[in-house]
Structures are given as structure tokens and as C-alpha cells.
Amino acid sequence: MEYVQPDTLEAAVSRLGRGGCTILSGGTDLAVVNRASGLKPECFVDICRISQFSGMELGEEGLHIGPCTTIAELAASAEIPHCLSQGASAIGSPQIRNAATVGGNICNASPCGDTLSPMVALSASFVLVSPRGSRAVDAETFFLGPKKTVLADDELLTDIIIGREFLKGTSAFKMLGKRKGQVISQVNAAVWLLLEDGVVAKVQAAFGSVAPVPLRARQTEAFLTGKELDAGTIHESLAYVKQDIRPISDIRASEAYRYRLAESIFHDVLKQAAGLACC
Amino acid sequence: MAEHTIIGKSVRKVDGIELVTGKAKFTADMKFPGMLYGYELRAGVPAGIIESIDASEALKEPGVHMVLTAKDLLGPNLIGVLPPFDQPVLPDREIRYAGESIALVVADTREGAKRACRNIKAVITPIEPILTMEQALAEDARKIHPQGNVTFSRTLTKGNVEQGFAEADVVIEGSYTTTFQDHCYIEPEIACAVPSGDNRITLYVSCQSPFHIRGHVAANLNVPASKVKVVQAYTGGSFGGKDDAAVEIGILAGTAALKLGRPVTIAHEREESIAGTNVRHAAEIAYKTGARKDGTITARQVKVLLDGGAYASESPFVTMKAMIHASGPYAIDHIEVESTSVYTNKTYAGAFRGFGVPQVTFASESEIDELAKHLGIDPLELRRKNGLKAGDKTATSQVYDQSVGYLQTLDAVEPSLRETGTKENDGRYLYGTGIASVIQGISNGAEGVDVVGASVQMSQDASVLVGCGLAEMGQGSRTVFSQIAAEVLGIPVDWVTVRQVDTDAVHDSGPTVASRSTTVGGMAVKQAAETVRQSLVKMASLMFKTDESMIVLKEGFAVLTVDDTARIPLRDVATAAYWTGFPLMHLAFSQAEPADFDHDTHQGRVYIAYNFGTHLMHVKVDRYTGEVEVLKHVASHDVGKVVNPMAASGQVEGASLIGFALGHMEKVEYKDGIIQNPTFADYAFPSIRDRIPTETIFVEDPTPHGPYGAKGIGEPPVAAAAAAFANAVSQAVGHRFTHIPITREDIAAVLQEEV
Amino acid sequence: MVIHFTCNGKPVTVDVDGDMRVLDVLRDVLDLTGTKEGCGEGECGACTIILNGKTVNSCLLYAGKLQGAVVETIEGLSGDSAGLHPIQESFLEEGAVQCGFCTPGMVLSTKALLDRHPDPSIKEIETALSGNFCRCTGYGKIMKAVVSSAEKLRDSREDGHQSGTGLGVKRG
């Protein structure tokens, strides 16, 4: 088998263009999939040596996050919106977070991936590059279904951009799973909030594990916008959460419980983002 | 009571250094020249008929050496715990559960063998599976085994329940269910078979009953047992689980190794461990309890149904144990328990820490709390009123005149109950406290003869080698045996080595089960050490030219009782004893007092002792999400005598978390007969953040049947912790949960109706 | 591919497929069998190693990732004749070891934590060990062992000594 570690984007894209490649970032999801299938990949293109792929940098458009930034780095970062570092902290175990990357979490497109709902709530933009050129895709339209994205086989996620607008305001993330440590989300939610004099100037919320893709909670957002954020408003907003999500029953939780969790979690994250005493 | 220097002390684990340094050799760590790896092809359907298995394509793959199916096996192709054995190593025709192995591929690597499995063409005609006990017991049900779908059924009768209910002022009834739980030892099952070049075969196995494996492997390789040597490698947990599974892969690896003349290792992956090998029985249990207004329980009538899955395994014994323990640690005159295990097309159930007791204890203790509510009596007082005392008759009418410390365990948790019992509910959170008691028989009891052979050998340098057929699986039996030998011989613990179990070198001691290592095994070690001690004392008396009664052995010396400075190093005594011809090795047998039991009514003497316990749990429940936090957990057990407080509390803490997980988190989930969560990602194994704050309180009411009065503690906390959790949560939520696990989701579902 | 890396302080070169699991590189190629396989999919943590100062699951790590890396395994911790590392001492003293199969991973997760946080909070300890499963102990004694190893390591630093193995403990 071939294992290449290009140190430039150009070299990576050129190798991808020749076909037969599996893109390898942290590998924590890929290794599980490959073990289960028992298949041996022809070629790994390990993209983690491309220097611009690691770390975070503030630019004109906003905050750039390299796709090979590890989940642990994200979890420890104070520069990124809080919901994203909280989402990163919720993933797996320290061992997983030290190896896994944010680009990997995004491209793996698991409906329960804990950076996905923050990315959607923050309207993150993903830059995708292939031998044919480059394009930017909004987080919300990037995901097509479980493990399915708009990425072409030879296309590489090269940059994640959080717009300047979303670096203001406050945000929060919460998830619950079947146990307290090292756990997969039964439901997760991220909310980004801009309050002006106690009134919701703008809010964006997203849920994970309640549909095949992370979902924006548009009806809830619409209800909250322009309202004074007090306990009553928060309570009322929960009725809209139910309308925004479409969970199913599976091995991890029933549909009914997911509705219940979505409300409870949203209640908590909204309070947290608003700086209100929570629970 | 005599002063002990080593018994009762928190001695460090004697085999700990090799474990913390990673040097201990588990089976997977052993490599042999030319070693090959086996991987099992599993059925994938819960019931079916094998029409054909074509391995020709798989055999063409590079690195593949052999594919074994039923027709290639060398012996009767039958394993099990009780005759008539009902479980094939590989089925030749009928498939009875989805995780059942139907072929073994042997290749240069495990990955290669796994890949080759995909190229075996197995033609299987599916049969409509029987997936519930109700289906299995239906009159026109298809028979999973020729003798029918009832694996084992017995009834215990004490007194006359009709009379008992007639005497009652209150009669309550309840139905309870429990689900399958997996052992989840961190080391999956593994066996390595090595042809040893002397017309024998050696198996290195992670297991808990090496002689059981030897017998089955020999029978199925069609060789005398003396041609098979089983070495129990360091074993990464077992909890009852590495018995049948170890036998199965031991036979498969042994067969392949014999045929190929090369070492063969079979190492299960996690999914195989969960879906392919035994689990804890699921149960459906109906209780009827009668009591007088003052709380005196007059009668209990219980029906236990245990889902044993596809094969019998330990089902008969689990059925009996559940039956004997169903009425709890209470003195009740009229008891009737019908206990039945049933075949279904699911992964077979067998031994798992607690062995039928957790299921009935959860149900029984839930019902005791319900009775208390009905009668308006404090749950602890109700238990105290009915609790077994020395001189009372147990469910089997056995009378113990000592070592019945049940009431003391109630006393031990009472202060915590009074402390935590009054916490007010506030807004989002609900609080509750529950207690639950357990009785758990120690030793094999009526399950068979209970003999342990242990050897103690002193070298001329006074170091000691102990050999015993019971397995160290992490529970600390080597440490306990070392302490006992050191105590008897007056030497430091680190002069003692407890050897690995090697069936060539130690005596068959039966299975390492039923919390019997410390009790029955410890007795054998003590007796063997005492015989060696006699030689030392006799030699020292000759050396001191004094009477034997003037000699004590301590701190590695023979010392005069009248002059502590008059000392001879034991190595000098041992050397002299050797040259004088005094024996320095002894093989002793400890035989538990045999059961004396009527197998129709199940009345009589069963176990040499019972461990009694009471747990208290104080919980906080999030009414939005159903999340539970255990704020306090007190576990009190009558262990007779604590040999090693640190090791014993470690047993209580570990077993309690397994019990808590049984009560709250873990279940093997099926859909159409296929396990849906055979990985740690989806099977809710508790992480460190899910631990509970167990405080252990030991009650010491010594038994004459254990060394220094000790009784086993490995299993009982499982049942008590699960039941105490159920009672605490039920109290917090104000709803009687009749099913475990009581998951967050279950709790939220109840609260949803009420918020 | 030829891979050069540092393992337990020594330079190592192996020639293996880039997609070989690091767990297998360690166990089968280098015969370092203290690193265990419990689940093969990054859940149980028995295969934990320290890679460039951070814990990772060696069952999910491809060999190619080792190029130029610094790896510590349990053998590195106990390799010195001076005796046990203070963390290993504490695990024995507190009864945090039963079957011992999870122990190498637990010890390494503890070491990686204490290298960065000499005085961790209970929550930090829980988080650091949340990827290491144990079925035997119920975890209580493991928590105690971590707290006591932290104390030991702090004391040894205050006394101006290096930790027992001479591997030292990085500050900060």
C-alpha cells in the first residue's frame, strides 16, 4: 500500500487527482471503518503535514481554522466561539481528541458529530479544493446525510471559516449520551446569540442527532428574535424546538426521548449563552 | 481472638508489579514460532439450517491454511456444563443464535483470517426464530433442542404458601423483568494452542476454570486428558464469562493446532465477545408476598423465568441459585419458588458475577419496599423485623448457628439512611434514597462436590511456592493465598509466590466460581501451610532443644515464646528440616461440608455459608433528562472476616459498579434476534465519570468454614447495588420501576407524564 | 515504508505498511506487549500510548503517523532499574489494579495528565481518564491512585529530586 504525506496543498491535490486515494487526517473514524470492512486501502494521502492545515488564524473574512487542527486544540481554544470548543470537548475521549481533527469530524459527517451543530449554528464556511478548482460551501448545505457530504472523491476540505459576525456575541453547546464519559450524542445542540439590552438581536441554533444531518432551528430562531430573553421566553421557545427537529428512534435513543432531550438541552444552552443561571 | 500479623491487613497485590509495568504475559502477549491465527465465521441469522459451507475460495487466498467446519472436528463436538451437553463447538446442521460460530479460518494473520471469512459461501436456510420466552413456552412452539424449550425447571417448597397467605393481612403482587448484560472484561476471550512435540498439546488460555477446559478439550480432540496441558495465562477479567467461551475457542485452536502441527491463537474481537459469547440471563419474575399488619412476612410465592438463550451453559445452576435466593435474607415460614430457564434463539446466557441472584434480588427488594409502603412501615424496619438471624431457618430450612450477620448490615447503613432520607425535592431535581439487602450463598453448594487442592512447598531458603487449581482473574486470590501461607508460616508475604495455574502442576480444584476462592481455596492453602509448619516447628524444637510448644514462627524466624531475642532464621530451620528428612511440601484438600439436600423440595443444607449485605443509595434525578447522580452509596457486607481490607473493598466497589450498570445503564439490545450494540460505543459500559461513590462497611461474623472465619465477597454487591438503585430511583420519581435497567430514558418517560 | 521514530527514548526504525496499526507495530514488530488491545476501535483505552506528549489510542493510529514522532509506552515508564514510577507505586498502594489489563493505559493517561497538570482537580482527572475503561475496580481506587501519584510527584519536585525512573516530569 502507498502512504504519502504531502507537505503542500498542491502536492496533495495532485496526488488526489490521480485517483485511488483515501484522504487520511486524524484517522480515528477511518480506522474504525477500515477495521470493520477489513479492506486494505490502496493509498493513504495523509494531509496532516500540510502546514497551513493546522492551527487557527484571524483573517479579513473571519477566523480560519485549519482542517487538521486537532479536536483537542479546538477544545482548548479561547479564540473560537465557546459552542465550538464545548462541542470539541464533548467528542470521545482525550485519546480521540488528541488524534482526531476538526476536518475529519466534518467530512465524516456523522449526524452525531459534536462539532457539526456548532459549525451550522455559526454559519461556518468550508473551502473545498480539487484539481478542478476551489469552492466555498456553507456548513448547512455541506451535509447531505449520514456519512454523506457534497465533497467529490478528489476534493479536499482546506479551510473552515467562522465569519467575523459570529466572533461577537455568545454561544453554548451541550450534549447528552448514554453515559457520562466517552460517549456518543443522543442529542446535541449549539446556540449562538447576540443580545442587545437583554433583547435577542440575532440568534442561530442547530441540533445534532435529531435528523440525518445537523439542523438549523429556524422556527425557534424566528420566535426568539426581537424578544426579551427571560425564563418565560425560553420556556415558550421550547415549543418551537419540537417543530424544528425530526428525530428517529434508533439504538441510541427513542424519538420521544430525543424530543425530550432536545428541549431540555436547548433550555440549558440558551440560558448558558445568555449568561443566565442554569440548572 | 488470636492476633494476626498479616490476615486483616491491606497487603498490596502480590502479582501487581508485573501488571503495572506491563510485563505480565497475557495470552495475546505470547508468541510462538510459526504461530497462526484463527477467526470464526458467525451465522448471522438467529435460527437456520446449514445447507452447505463452501470454503474453496477462502482457501485459495494467500496466507490461509485451513478452514474448519463441524465435519472436521475430532471428537463428539459437544460442550456444556452439565450432561447431556447440548452445545456444539461448531453446529453441523442447526443454527441456534446469530452469533454462533459455524466455521474457523486459520491464516498467517488475524486480519487475513477475518478477510477470508468473507469468501466462505455458507448456504443457510433461515428458520423463524424464537425470540421471547413466551414464544418458546407456547404449546405448539418449535423445539430449539430435541428435549423441548425448557432448559431446567425446579420448585422449592418450604411450609405451605396457601397457609401462609391465609395468615396474612396484606398480600401484594408484582411482576419484574431484567435484561441481558455482558461481562465486558477489557481483555476479550483468547486461547492459544501449541503442539508441544511430546505428543501433547498445551493451551494458554484466559479463563477461570482451567480443568474444565482441559476435560472438554481432551474429549473434543479425542485424546486422554493427560495429553492436554492447560496454562491459565494472566487473565484480564472474567466475572463468569471465560468458561464456555474459553472452552469453545480452546477446542477450535487445539483442533487446528493438532491438524496443522503449528501453534494457533484465536483472539476474539469485542463484537464477538459481546454477540458470540455468554451473557447474564434476562428474567421475568412474578412475586406474591403476604404479611401481617405488624410486618411479619408470612409467605412468599415466586415464579422465575430465565431466558437462557440458545444453549444450557450454566442455566441449570443459575436456575437453582435464583430459586434458593428468591425469598431474600428473610426468615419466612412458607415459601414456594418455581424457577425455570428457557431456550430462545439468542446468545446463550451463563455464569455472570451474581449468578441469578441479582435478578431475583432486584425483584424481591422492590417488592419488599412496596410491602413497606402498603403497611406504612419503614423499609429498613420491615427488613429488620423479618431478617435472618443465627438459629433461623433459611429458604431451604438450613440453620446456621453463627455467621449470620444480616441485621448488622442493616445497622451499618441506618445512620446514612436517617441522614439522607429527608432531602426535599427542588424544582428541577428529585431526590430519593433506597436500601436493598442481599443474601448470597458461598461455595458450589448443591451444585456439586466442592473440593480444592492446594500445595504449599517451602524451599531451603524459606521462600514458599503455593499451587492451587483456582484461577486469579484480578479478584486477588493470589494475594489472599499468599497472606494465609505467610500468616501460618510466620514469614513476610513477599516470600510467598502463588504459581500460575498449570493443570500439569496443581490439583483440580473445580471452577473458580461462587465466591469460593477465599473460603474453600483459602482453607486448603491454610491446611497445607499448617502441615509444612509442623515440620518447621519440629525442626526448630530440635535446634532449640526445647518443646514444640515453646516455638513460634514469626517475621521469618523461629522464636522462643519465652525469649523474643532467641531466634533462628527460618531458612536455617528449613535447610535443617530438609537435611533431616522432614517434609517441606504438602498437598491439602479442603472439602466444603457436602450439601444434604432434597432435590424435590429443595430443602436441606446447601451452602457452607452465606454472605449478607445491605446497600443504601441516595440519588438525585434530573426531571428534564432523567439523568441520575448517585450522591451516596453505602455497601455493608458480612464477610465473616476481612482478610485484606483493600482487596475486599476493591471487590465491593467493582461489583457495585457492575450492579449499578445493571440497574441503570447496560443492556444487550436485540432486533429480530440480532444484537444491535455489540461495541463499547453503543453498549453503555460505565466510564470513570459514571462511577459511584461506594463506601464499604464490613461486618465480621466469622464462619467456621472459611480461613480465619472469612466468607467470599466477589459476587454479592452486584445484586444489592442494582436493587438499591432501583429502590432509590423509584422513591425519587414516585413511581415503582419494575424493570432494570432503569435508564435515563425510562425515567424521563415516566416524568414526562407528570411534569 | 521506512519509519523513523523515537520509542521510550531510543531511536527506532521499522519497515512496515503505512496502514499498519501502531498497536501492531509496538506489539508485533517491537515486542512491546505492555500495550493492550481491548476493543480495537478506540473506546476502551487499553492501547493508550503517549505520542508527542499526548495520549492516543494506538489501535486507531496508522504507522505512517509515527514518522519523526516521540512515543512513550508503559515499558518506557518502568524501564529503569531504579524501580517503579511513582504512578505505578500509587496504583499498587491504593489497590487500583485488579486484573491489570487496563492498567498500562491507565498509568499512561495519568502520566500525560500529571506532566501537564501537576495538581489536577477531580474533574480534570475524570476527564483525563474518561477514555480508559476498567471493569474490575469501579474506578474509585484508580481516582485515589492518581491523586496520590500527583502528591508524590509534587513532593519529589519540591525535594529537588527527579522522579524515580529518571524520565523526569515536564513542567507546565
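Please read all numbers here as calculations on a predicted model, not as lab measurements.

Participant: So what about helix 10 (residues 357–375) of chain B? Which residues, and what values?
Facilitator: Residue and element names in this part refer to chain B. Taking 1.5 Å of rise per residue, the 19 residues of helix 10 would be expected to cover 27 Å, and the 26 Å separating its terminal C-alpha atoms lies within 8% of that figure. The buried count for helix 10 comes to 17 of 19 residues, which makes it a mostly enclosed element. Taken from the residues just after helix 10, G376 is the one with a positive phi, measuring 65 degrees.

Participant: Which residues make up the packing of helix 6 (residues 210–221) of chain B against helix 7 (residues 244–260) of chain B, and what values go with them?
Facilitator: All names here are of chain B. Interaxial distance between helix 6 and helix 7 falls to 9 Å at its minimum, and their mutual angle equals 40 degrees. In this view, helix 6 runs oblique relative to helix 7, as classed from their interaxial angle. Of the two possible hands of crossing, helix 6 and helix 7 adopt the one that is right-handed. Contact with helix 6, carried on its side by I213, H216, V217, N220 and L221, involves A246, V247, G250, I251, G254, T255 and L258 of helix 7 and no other residues of that element. Along the lines of polarity and charge, the residues of the contact of helix 6 with helix 7 split into 7 nonpolar, 5 polar and no charged.

Participant: Can you lay out the sheet that holds strand 27 (residues 628–638) of chain B for me, pointing to particular residues and giving the numbers?
Facilitator: All names here are of chain B. Across the sheet, 4 strands lie side by side as 16-26-27-30; this open sheet has mixed pairing. The open sheet is flanked by strand 16 (429–442) and strand 30 (694–699), the only strands paired with a single partner. The average undirected angle you get between the axes of adjacent strands in this sheet is 15 degrees. Looking at chain direction, strand 27 and strand 30 are connected through 6 bridges and run parallel. Residue H633 lies in a different strand from strand 30, and its bridge partner there is T694. Most of the contacts of helix 16 (residues 645–664) go to strand 30, to which it runs at about 125 degrees, and overall it touches strand 26 (609–622), strand 27 and strand 30.

Participant: Quick rundown of the sheet that holds strand 2 (residues 21–24) of chain A? Include the residues and the values.
Facilitator: Residue and element names in this part refer to chain A. One open sheet holds the 3 strands; their spatial order is 1-3-2, and the pairing between them is parallel. Either end of the sheet is taken by a strand with one partner, and the two such strands are strand 1 (2–4) and strand 2. Direction aside, neighbouring strands of the sheet carry axes that sit 20 degrees apart on average. With 4 bridges joining them, strand 2 and strand 3 (residues 43–46) adopt parallel strand pairing. The residue bridging L24 from the neighbouring strand is D46, located in strand 3.

Participant: Could you give an account of the state of the cysteines, naming the residues involved and the relevant values?
Facilitator: Taken as a whole and assessed by the stated rule, the structure comprises 0 disulfides over all chains. Counting only cysteine sulfurs, C68 of chain A is the nearest neighbor of C48 of chain A, a cysteine outside any disulfide, at a range of 3.6 Å. Here C59 of chain C stays free of any disulfide, with the sulfur of C47 of chain C as its closest cysteine sulfur at 3.7 Å.

Participant: How would you summarise the nonpolar core if you had to cite specific residues and measurements?
Facilitator: In summary, soluble globular proteins display a tendency toward joint burial of nonpolar side chains. M617, V621, V729 and I747 of chain B together with F91, Y139 and I142 of chain C are the most contacted members of the largest nonpolar core, which totals 139 residues. Top element by residues in this core is helix 17 (residues 716–733) of chain B. It accounts for 11 residues. Setting aside anything within four residues of it in sequence, one finds I142 of chain C in contact with I688 of chain B together with F91, A96, M106, L129, C134 and T137 of chain C. Listed in part, the 80 residues of the second largest apolar core include I80, A124 and V191 of chain A together with L23 of chain C.

Participant: How would you explain the interface of chain C and chain B if you had to name every residue and give the values?
Facilitator: Interface extent is often summarised as the accessible area lost during association of the parts. If you look at the interface, chain C gives 46 residues, while chain B gives 51 residues. In total, about 4,000 Å² of surface goes out of reach between chain C and chain B, with carbon and sulfur atoms giving 57% of it. Contact with chain B buries surface across chain C, with L92, Q98 and R135 of chain C losing the most and accounting together for 21% of the total. Here chain C is connected to chain B by 9 salt bridges. The shortest N-O distance in the salt bridge between D29 of chain B and K36 of chain C comes to 2.4 Å. Inspection of the region where chain C meets chain B yields 20 residue pairs in polar contact (both at pLDDT 80 or more). Looking at the side of chain C that touches chain B, the elements with two or more residues in it are helix 1 (22–29), helix 2 (74–78), helix 3 (86–93), helix 4 (103–116), helix 5 (122–128) and helix 6 (140–158) of chain C. A per-element tally of the side of chain C that touches chain B places helix 3 of chain C first, with 5 residues. Residue composition of the side of chain C that touches chain B, by class: 19 nonpolar, 13 polar and 14 charged.

About the criteria used
- Every residue gets a number counted from 1 within its own chain, in the order that chain's sequence is written.
- Chains carry letters from A onward and ligands carry numbers from 1 onward, assigned in written order.
- Reporting of local features is limited, given that this is a predicted model, to residues whose pLDDT is at least 70; pairs of side-chain atoms are given and counted only at 80 or more, and all residues count toward the totals for whole chains, interfaces and linings.
- Excluded from the side-chain calculation are hydrogens and water; included are all heavy atoms of the structure.
- Going along the chain from the N terminus, every DSSP run of H or I of four or more residues is numbered as a helix, and every run of E of two or more is numbered as a strand.
- A helix is expected to reach a length of 1.5 Å times the quantity of its residues less one.
- A simple rule labels every residue: compare its accessible area, found with a 1.4 Å probe on the protein chains alone, to the largest value its type can have, and call it buried under 20%, exposed over 50%, or partly exposed in between.
- Inter-axis angles, ranging from 0 to 180 degrees, are taken between N-to-C directions of lines fitted to C-alpha atoms, where helices are fitted over the stretch in contact.
- Each angle is binned into one of four classes, with values under 35 degrees roughly parallel, values over 145 roughly antiparallel, values of 65 to 115 roughly perpendicular, and all other values oblique.
- Should the near helix be turned counterclockwise from the far one by less than a right angle, the crossing is left-handed, whereas a clockwise turn marks it as right-handed.
- Any two residues whose heavy atoms approach within 4.5 Å are treated as being in contact.
- Under the scheme applied here, ten amino acids are nonpolar (Ala, Val, Leu, Ile, Met, Phe, Trp, Tyr, Cys and Pro), four are charged (Asp, Glu, Lys and Arg), and all others, including Gly, are polar.
- Pairing between strands requires that DSSP locate at least two bridges from one strand to the other.
- Two cysteine sulfur atoms form a disulfide, by the criterion used here, when they sit within 2.5 Å.
- We call a set of buried Ala, Val, Leu, Ile, Met, Phe, Trp, Tyr and Cys residues a nonpolar core when their side-chain atoms join them within 4.5 Å.
- A simple way to read buried area is as the amount of 1.4 Å-probe accessible surface that goes missing from two parts once joined, with both sides added.
- A side-chain nitrogen of Lys or Arg and a carboxyl oxygen of Asp or Glu constitute a salt bridge if their distance falls within 4 Å.
- Think of a polar contact as two N or O atoms within 3.5 Å of one another; within protein, one of them needs to be a possible hydrogen donor and the other a possible acceptor, and neighboring residues in sequence only count if both atoms come from side chains.

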